[in-house]
Amino acid sequence: MQYQNTPQNSNVSHLAMWSGPRNISTAMMRSFGNRPATKVVDEPFYAHYLLKRPHITHPGREEIINHYENDPRKVADELVAPLPDGIELYYQKHMCQHMIENVPLDWLDKATHVFLIRDPRDVVRSWVKVVPDLTLEETGLPKQVELFRMVQEQTGRIPAVIDTDDVLDNPRNVLSKLCDYIGLPFTERMLNWEPGSKPYDGIWAKHWYDNVNASTGFARRTEKSEPVNPQYEPLIEQAESLYQILANHRIN
C-alpha cells in the first residue's frame, strides 16, 4: 500500500491522543480542552490497566479501580459513541501502555489519531524518579509504534505525530499545523488556559498534576540538564529505536 502524507479533509469528531508517561499529555489535554464545544476524557483505560497489572503500585490505585469503568469493552464503545448535542469534538487522552492484551482495538477506525512523542532519554530521566525499575513496556513506546502502524494500515495515511520538544519550542506553529493535517480548525484558545484543576481530570490528578495545574500554557522544564544513571542506558537505547520510527514522521 502507498501511504498518503497529506492533510485530510473530513471533519474530526472523536480525537485520540496517544502518549507515554512523563510527556506533555496533560498540558495537551488542557490545550484541546480549552477549545469550544469540546468533551474531554482523561486516560479512560487506566482503571482496567491497574486491575490487570497488580504489580503496578501507582498512587490511588484502589480508588481508581473502584471509581472508573474497568470493562474495556464498555470503555471502547463509549469512546466512539455519537456526540451529545452541543459537542463538536471528543478529545481523548490515552496512555499507550494502558492498551494491554485484552483491550479491544476494533474502535480505532472510528476515530482520528495523533501520536505524541518525547525523547526517550527525557522520559527515562523523569520517570525513573517514580518507577526506578522501569521497563520498556512502561514507556509506552512498543504499543505506540504498534498502534501507529495499525492506524496507518487502516487509513492508508501516515497518522499525525508531534514531538514534545517541537511543541514547547513553538506551540502555535506545531498545533496549527497539526490541526490542518487532521482537518480541525485551529484556535488561539489552544495556546493558553486558566490555571487549576478541570472537571475532566482523573481522580489521580491530586498525585500527578500539580505542575500543569499551576500552568497557563506550554512551558519547558529544566530536567534536560540532569544526568541519567548509566544503568538505564540499555533501556534508553531500546526506546530510542522505537521513538525514531515515529519521529521520522513528526510535524515540525
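Residues numbered from 1 in each chain as written. Predicted model: local features only at pLDDT ≥ 70, side-chain atom pairs only at ≥ 80, totals over all residues. Heavy atoms only, no water.

Here we take up the overall build of the protein chain. Along the backbone of the protein chain there are eleven helices and six strands. Its C-alpha atoms give the protein chain a radius of gyration of 17 Å, near enough to 18 Å, the size a compact globule of 252 residues would have. The principal-axis extents of the C-alpha atoms in the protein chain amount to approximately 45 × 40 × 40 Å. Counting only residues that meet the buried cut, the protein chain has 54% of its 252 residues in that class. Long-range contacts, defined here as pairs at least 24 residues apart, represent 81% of the contacts in the protein chain between residues at least 6 apart. If you sum the accessible surface of the protein chain, you get close to 11700 Å²; carbon and sulfur atoms cover 48% of it. (Helix = DSSP H or I, 4+ residues; strand = E, 2+ residues; numbered from the N terminus. Rg over C-alpha atoms; globule rule 2.2 N^0.38 Å. Buried < 20%, exposed > 50% of the residue type's maximum accessible area, 1.4 Å probe, protein only. Contact = heavy atoms within 4.5 Å. Areas by Shrake-Rupley, 256 points an atom, 1.4 Å probe, with all protein chains shown as cover.)

With that settled, the discussion passes to the side chain of His113. With respect to the element layout, His113 can be found in strand S4 (residues 112-117). Of the polar contacts made by the side chain of His113, one reaches the side chain of Trp18; its length is 2.9 Å. Here Leu108 takes part through its backbone oxygen, which lies 2.6 Å from a polar atom of the side chain of His113. Contacts of His113, omitting those with residues within four sequence positions, involve Leu15, Ala16, Trp18, Trp107, Leu108, Val151, Pro159 and Ala160. (Polar contact = N/O pair within 3.5 Å; in protein donor to acceptor, adjacent residues only side chain to side chain.)

Considered as a void within the structure, the largest pocket measures approximately 970 Å³ in volume. Elements that contribute at least two residues to the lining of the largest pocket include exactly helix H1 (25-33), strand S3 (89-95), helix H5 (120-127), helix H7 (164-169), helix H9 (205-208) and helix H10 (210-213). For the lining of the largest pocket, the per-class residue count stands at 15 nonpolar, 13 polar and twelve charged. (1 Å grid on protein atoms, 1.4 Å probe; cavity = no way out; pocket = protein on both sides within 12 Å on 5 of 7 lines; lining within 4 Å. Points joined across faces, edges and corners; volume = space filled by probe spheres on them. Nonpolar A, V, L, I, M, F, W, Y, C, P; charged D, E, K, R; others polar.)

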